[in-house]
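In case you want the letters, here they are:
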Amino acid sequence: MSDAYHSQLVNDGGTTYERFAMAVVAGAFAAFVLAAGTLFGWVSLGGHVGNVPVANVVAVGVLALGAGTGTLGVLSRWGGVRTTPDRSPGLGVGIVQTGLWLVTAGLIASHTLGLGGVGWLVAVPVGVFVGYLTIGTREDVGATLPAAAFICLVGAVLVTGLITPAWTWEPEAFDATIPGTIVIPLLTMLSGLLAGWAGASASERFGTRGRQNGAFLLIALVVLLVLSVLVFLLVFVFERGIAVVLENLTVGAGTVLLLLGTALVLLVKFGNVRPATSDSTDKIAAFVNLAGAIVIALVGSVLAYTIGVNRAISGYAVTIEPITAIGAIPGLVVGIVLVGVLRQSDATWVPATEAGRRVSQGLRLGTGLLAGALFLEVVTWSELAVAGVAIVPTLAIAVGVIAVGLLLVNRVASLSDTLTSPTWLPPLSRTATVALWAFLGLCLHVAITGYPVVLGPVGILASGSVDWPFVMNPSQGLGIQKGVMPAMLGTIWIVLGAVAFAVPLAVGAAVYLTEYAEDSAFTRAVDVATNGLWSTPSIVFGLFGLAFLVPRFGGNPSIFAAQLVLGFMLLPLVLITSREAMKSVPDEYRDASAALGVSKWDTIRSVVIPAAMPGVITGVILGVGRIAGETAPLLLVLNGPNFPNSAPGVISGFTVDFGLQPPFVHVSNPALLERASALPYQLYAIITAGVGAEESFGWGTTLVLLGVVLAFFAMGIASRRYFRRKLHQ
Amino acid sequence: MTESSMNTTTADRTESDGATSSTETTTGESDERTNAAWREYSFAGDPVLSVADLNVWYDDDHALKDISIDIPEKSVTALIGPSGCGKSTFLRCLNRMNDRIKSCRVEGSVAFNGQDIYADGTNLVELRKRIGMVFQHPNPFPKSIRDNVAYAPRKHGDLDRGLVPRLLGREETEKENELVERCLRDAALWSEVEGRLDDNALGLSGGQQQRLCIARCLAVDPEIILMDEPASALDPIATAKIEDLIEDLAEEYTVVIVTHNMQQAARISDQTAVFLTGGELVEYGDTDQVFENPRSQRVEDYITGKFG
């Protein structure tokens, strides 16, 4: 025994026995993955490998797995392989084996042998006996042989054709038919789990380390199963929805290039693309990122080629037109993202010389003038021009050209050995930021006025660079034209309204309960009430909204009522998570602030809330995921036409009247008080319409709904990341 | 004699001494607890803090009993004593941080420059601006180094920030830069953080964080700095830096420091107050005198390691 402990101190790595055990683990893993694939429908049991049916391959594989598992135990106990098993595998393993064999024996006795209910009486002693044997033997035997016997039994049943894909089982207890195509993968999966656990245990020669290894493998397999369920769900929806969503999509090549370029920049900036200098899982991630970067670069060069030869590419209902000009909206999005990226590397530039200060002031003046002109345009929502010359494009192009010029000078100076860059030259990040602001200004100008700015082949277009019929058009009713635009905007407005309504209230309540109220019966009652509110069925909220809110706001179901009702639903979760986040802010911060003579409210505002912000946002993310997909309350309080032909004009619906009586300014928005549609609402309408041909429309709507939820999710994650970085970096 | 056996004998002796001293206190309580002469300490000038008959209870637990003590200005006063003797409670009474503990009740008076800080209508904001505090564990805010130092002056409106910079939230005024630099220099941290003022303070080492907390405290320009075992969570090198810093600070500020470490008290303080179990102030006097020639037998036992 002491020898065994000596050899365990330094693992010489890889005796034949250990390699054999690893092979069993690998086989078990393969069986598990194959079974999962069969369950999800990626592998068909009816197919063939060569000439052999897949079902037979599975059967032989399971049998081999069982034999391998048994061999591991036999070799360890009687084959002279040196292992370090405990005296018993433990009560847990015994209970598992008891249950396993009780069910197995019971099913065989009651169904195969036809004993009925009496069979289960026979099964009890069998299960107890196996459990007793398991616990009573040494660990290497108890952990392997009962499992091996079960796997061999499964293998034998499959090999002999007792259970085939065509086999079915109708249990009397409940009215269902369980086909072989479900039973075979499930049994294979169970066999894989058992064999993998035993094999992993054996590969570390049983004992403490063996059990740790076995537990690790079990957890890994279960996590894999959970992840694959999630991936499967996304892929399933994506597969069915993508065709109808992308139908007739037309994009300008310039816009695609711009988006791809941004993706490449982000990938290189934030992703690890150096496999050579990273290890373990990072290495895999780096390879994936590198592959992504290469794919982007290749697609980019193909697009550049199509622009060069002036030919459109189309495929999969998508057309890429050889237009070099880019769209204003994609330009805005890309510009904002890139400005955000640049801000992180933007060290404040304090010019040392007088000339440098003048350059800095000049740049600031240019961007300031541009911002002022844009502000006027946004307010008036029309073009600002003097004597026929549009001010914004002129300014933006001038500023942009100067900034790019400075940027080039800087690059050239840094490349050359003989030239030293002048002291007044701003750093790269500064000039690039200014150039980007000019670009953003130009995009905003085009988006507002609708006049394209084009110089030769390049430029910014107000429309025509992206034509996405499914997302940009309303539906004209079933069977005519598919489109989700009104419903998508409806969902976005409702979610934004609910967040704007609920988050300040919830955070305020959390501040009061955590910072001001003493821990008392009152706060505990509020806690219970909020937890209860969060678990309240959504249709109850909907009915409350219909009976209480709707009569008070215009008398008919409306966007506003839907915003409030979903806001009520969001309130408790944000309140609960905000409270938890604020409770976990260390009291040391509050003490430190109080000892500096800072008032309680200032402390809450400047220390507690910023530190609690990531937790608050987590609550908002979870809550938005729930309310964005809520259908039941919307049936009652939104209840618009199923396929409205226009989007709710929430922005353009604002009217401001000035009067002589207080409060002097009247702001109203009739669009908020109108009925509307939302994505889950429209999806429900499509499905319940019962028109079979419209199933693809439903899948497309689902995909867009998923996209909208994921976009909210991404915004939440990004803002949480921002606040976390502020706290910890 | 091996080290372990020495420890055993010390422990044995402490135990037996504890037993005897407790019997002694029950019999000869009067001369142990009422000898006011041991707490007499005369110094030139007016005391900056004058505590009279201070009693503190946590619910029914009488934590401090009849404490009367005068603290001279621009000096280091050390409060030493075994765990649970109430020295931290006493320190927290001096800027009313105990108000934040619900179960805490304070009686008696603490006069700061002649004004009783427990009088009705005391402005706590003003009081805590003038009597700053540094805690046992470094507790910088999860903000940048600059924001940590400028935090309180900004809140108190001592730094005029223009409307536009405030809206942009970026530009620091000249005044703020000067203040941050001066406080960090005074806290002997400037040379280590110069050029990375916008980094998060949580990225600093423990000793640097504690000096940042001192700088943050200096930024409100206090008269008195209370320190609650400021070096107990730090390594010897960081401790030495903090000790040097405290001695420098005593030229401009009045420092009251609680410490477990008797050598530390002997090294840095001008006068020492010894609290012993039960929340009593037993002896107060010149540091050299308290350590070399204590007047109370219990204090001598405590200092020589026989008790506590």
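All values derive from a computational prediction rather than experimental measurement.

About the thresholds
Per chain, residues are indexed from 1 in the order of the written sequence. Key to labels: chains lettered from A, ligands numbered from 1, both in the order written. Only residues with pLDDT of at least 70 are given local features in this predicted model, and only at 80 or more are side-chain atom pairs given and counted; all residues enter the totals for whole chains, interfaces and linings. Based on all heavy atoms of the structure, the side-chain values leave hydrogens and waters out of the count. Helix and strand assignments follow DSSP, with helices taken as H or I runs no shorter than four residues and strands as E runs no shorter than two, numbered in order from the N terminus. Whether a residue is buried, partly exposed or exposed follows from its accessible area with a 1.4 Å probe, protein chains only, as a fraction of its type maximum: under 20%, in between, or over 50%, in that order. Residues count as neighbours in contact if any of their non-hydrogen atoms are within 4.5 Å of one another. We get accessible surface area from the Shrake-Rupley algorithm with a probe of 1.4 Å; when it comes to residues, only the shown protein chains can shield them. Reported buried area values correspond to the accessible surface (1.4 Å probe) lost by two parts on association, with both partners' losses combined. Each reported salt bridge corresponds to a side-chain nitrogen of Lys or Arg within 4 Å of a carboxyl oxygen of Asp or Glu. Here a polar contact means two N or O atoms within 3.5 Å. Within protein one must be a hydrogen donor candidate and the other an acceptor candidate, and residues neighboring in sequence count only if both atoms are side-chain atoms. Throughout this entry, Asp, Glu, Lys and Arg are counted as charged residues, while Ala, Val, Leu, Ile, Met, Phe, Trp, Tyr, Cys and Pro are counted as nonpolar. The remaining residues, Gly among them, count as polar. Note: two strands are recorded as paired if DSSP finds a minimum of 2 bridges between them. Domain borders in the structure are assigned automatically or taken from a domain database. We call a set of buried residues a nonpolar core when its members are Ala, Val, Leu, Ile, Met, Phe, Trp, Tyr or Cys and they connect through side-chain atoms within 4.5 Å of each other. Surface patches are defined over residues having more than 30% relative accessible area and no salt bridge, joining like charges when they lie within 9 Å and nonpolar side chains (Val, Leu, Ile, Met, Phe, Trp, Tyr) when within 5 Å. Lines fitted to the C-alpha atoms define the axes, with helices restricted to the stretch that makes contact. Angles between their N-to-C directions range from 0 to 180 degrees. Here is the rule for handedness: rotate from the far helix to the near one, and if that takes an anticlockwise turn smaller than a right angle the crossing is left-handed, while a clockwise turn gives right-handed. One fewer than the residue count of a helix, multiplied by 1.5 Å, yields its expected span. Side-chain rings of Phe, Tyr and Trp (the six-membered ring for Trp) are treated as a pair once their centres are within 6.5 Å; stacked means planes under 30 degrees apart, edge-to-face means over 60, and tilted covers the remaining angles. In this scheme, Lys NZ or Arg CZ marks a charge over a ring once it lies within 6 Å of the ring centre and within 35 degrees of the ring normal.

## Examining the overall build of chain A
Move 1: What chain A contains, in helices and strands, is 25 helices and 15 strands.
Move 2: For chain A, the spread of C-alpha atoms along the three principal axes comes to 100 × 80 × 70 Å.
Move 3: Going through the 729 residues of chain A one by one, you find that 42% of them count as buried.
Move 4: Within chain A, residue pairs in contact and separated by at least 24 positions form 74% of the contacts whose partners lie at least 6 positions apart.
Move 5: Only carbon and sulfur atoms are counted for the fraction: they give 70% of the accessible area of chain A, which is about 37000 Å².

## Regarding unusual backbone geometry
Note: most peptide bonds trans; most residues except glycine with negative phi.
Residues and elements named next belong to chain B.
Move 1: Backbone geometry at Asp 53 places phi at a positive 50°, although glycine is not the residue there.
Move 2: Along the chain, Asp 53 falls in strand E1 (residues 47-58).
Move 3: With phi around 50°, Asn 113 is a residue other than glycine that occupies positive phi space.
Move 4: One can find Asn 113 in the loop between strand E4 (104-112) and strand E5 (115-116).
Move 5: A relative accessible area of 41% means that Asn 113 is categorised as partly exposed.

## Overview of the side chain of A:Ser606
Move 1: Residue placement: A:Ser606 occurs in helix H22 (residues 600-628).
Move 2: Beyond its immediate stretch of four places on either side in the chain, A:Ser606 contacts B:Lys143, B:Tyr151 and B:Lys155.

## Quick look at the interface of chain A and chain B
Move 1: The interface of chain A with chain B comprises 24 residues on the first partner and 27 residues on the second.
Move 2: Both faces combined, the contact of chain A with chain B buries some 2100 Å², and carbon together with sulfur accounts for 55% of it.
Move 3: Linking chain A with chain B are one salt bridge, by the criterion used here.
Move 4: Taken together, the connections running from chain A to chain B amount to nine residue pairs in polar contact (both at pLDDT 80 or more).
Move 5: At the level of secondary structure, the elements contributing two or more residues to the side of chain A that touches chain B comprise helix H21 (587-595), H22 and helix H25 (695-728) of chain A.
Move 6: Among the elements that make up the side of chain A that touches chain B, the one with the highest residue count is H21(A) (eight residues).
Move 7: Class assignment for the residues of the side of chain A that touches chain B results in eight nonpolar, seven polar and nine charged.

## A closer look at the sheet that holds strand E5 (residues 249-252) of chain A
Residue and element names in this part refer to chain A.
Move 1: Taken in spatial order, the four strands line up as E6-E7-E5-E13 in an open sheet, and their pairing is mixed. On the outer flanks of this sheet lie strand E6 (313-315) and strand E13 (466-467), each paired with one strand and no other.
Move 2: Direction of pairing for E6 relative to strand E7 (residues 318-321): antiparallel, over a ladder of three bridges. What sits directly across from Ile 313, in E7, is Ile 320.

## Examining the domain arrangement of chain A
Move 1: Splitting chain A by domain gives domain 1 (2-89 + 137-235), domain 2 (250-324), domain 3 (354-467) and domain 4 (483-649 + 668-727).
Move 2: Each of domain 3 of chain A and domain 4 of chain A has a C-alpha centre, and these two points are 39 Å apart.

## Section: the nonpolar core
Move 1: Counting 83 residues, the largest nonpolar core has A:Phe470, A:Ile494, A:Leu638, A:Leu679 and A:Val704 as the members making the most contacts within it.
Move 2: Apart from residues no more than four positions distant in its own chain, A:Phe470 is found in contact with A:Val244, A:Val245, A:Lys482, A:Gly483, A:Val484, A:Met485, A:Phe697, A:Gly700, A:Thr701 and A:Val704.
Move 3: The next biggest cluster of nonpolar side chains, apart from the first, holds 48 residues, and it includes B:Val149, B:Val180, B:Cys183 and B:Ile242.

## So, a nonpolar patch on the surface
Move 1: On the surface, a cluster of nonpolar side chains totalling about 610 Å² of accessible area is made up of A:Ile108, A:Leu113, A:Leu115, A:Val118, A:Leu121, A:Val122 and A:Val126.
Move 2: Note on placement: A:Ile108 falls in helix H4 (residues 91-112).

## A few points about the sheet that holds strand E8 (residues 326-327) of chain A
Residue and element names in this part refer to chain A.
Move 1: One open sheet holds the three strands; their spatial order is E8-E12-E11, and the pairing between them is mixed. Only two strands of the sheet have a single neighbouring strand rather than two, namely E8 and strand E11 (453-455).
Move 2: As defined by bridge partners, E11 adjoins strand E12 (residues 458-461) across three bridges and the pair is classed as antiparallel. Following the sheet pairing, Val 453 is matched in E12 by Ile 460.

## Thoughts on the packing of helix H5 (residues 145-155) of chain B against helix H9 (residues 206-218) of chain B
Any two packed helices are characterised by the angle at which their axes cross and by the distance between the axes.
Residue and element names in this part refer to chain B.
Move 1: It is at 7 Å that the axes of H5 and H9 come closest, and there the two elements cross at 35°. Between H5 and H9 the crossing geometry is right-handed. The residues of H9 that touch H5, namely those facing Ile 145, Asn 148 and Val 149, are Leu 212, Ala 215 and Arg 216.
Move 2: Its residues assigned to classes, the contact of H5 with H9 shows four nonpolar, one polar and one charged.

## Brief notes about the pattern of salt bridges
Move 1: Evaluation of the coordinates by the stated rule reveals 26 salt bridges over all chains.
Move 2: Among the ionic pairs, A:Arg209 bridges to A:Glu204, the shortest N-O distance being 3.0 Å.
Move 3: A salt bridge links B:Glu192 to B:Arg211, with the shortest nitrogen-to-oxygen separation between them at 2.9 Å. With B:Glu192 in helix H8 (residues 190-193) and B:Arg211 in helix H9, this pair connects stretches of sequence that are 19 residues apart.
Move 4: For B:Glu192, a relative accessible area of 25% corresponds to the partly exposed category.
Move 5: On the basis of relative accessible area, B:Arg211 is assigned to the buried category, the value being 4%.

## Details of helix H3 (residues 54-78) of chain A
Move 1: When the terminal C-alpha atoms of H3(A) are compared, their 36 Å separation across 25 residues agrees well with the 36 Å that a helix rising 1.5 Å per residue should span.
Move 2: Once H3(A) finishes, A:Gly80 follows within two positions and takes phi at roughly 80°, a positive value.

## Here we look at the side chain of A:Ser110
All names here are of chain A.
Move 1: Mapped onto the elements, Ser 110 comes out in helix H4.
Move 2: With relative accessibility at 9%, the residue Ser 110 sits in the buried group.
Move 3: In terms of polar contacts, Ser 110 uses its side chain to reach the backbone carbonyl oxygen of Gly 106, at 2.7 Å.
Move 4: Discounting residues that sit within four places of it in the chain, Ser 110 has contacts with Leu 115, Gly 116, Gly 119 and Trp 120.

## What about the packing of aromatic side chains?
Residues and elements named next belong to chain A.
Move 1: In total, this model carries twelve aromatic pairs over all chains according to the counting rule given.
Move 2: Clustering of aromatic rings is evident, with ring pairs tying together Phe 501, Phe 544, Phe 548 and Phe 568.
Move 3: Sitting over the face of the ring of Phe 236, Arg 240 holds its NZ or CZ atom 3.6 Å from the ring centroid.
Move 4: Between Arg 240 and the ring centre of Trp 699, over which it is positioned, the NZ or CZ distance is 5.9 Å.

## Thoughts on helix H7 (residues 145-159) of chain A
Residue and element names in this part refer to chain A.
Move 1: A rise of 1.5 Å per residue sets the reference length of H7, with its 15 residues, at 21 Å; its end C-alpha atoms lie 20 Å apart and thus fit the reference within 8%.
Move 2: Turning to H7, its buried residues number three or more, namely Pro 146, Ala 147, Ala 148, Phe 150, Ile 151, Val 154, Gly 155 and Leu 158.
Move 3: Trailing H7 by a residue or two, Gly 161 shows a phi angle of about 80°, which is positive.

## Brief notes about the environment of B:Glu178
Move 1: One can find B:Glu178 in helix H7 (residues 174-186).
Move 2: Considering only alpha carbons, one finds B:Glu178 and B:Tyr253, 75 residues apart in sequence, at a separation of 20 Å.

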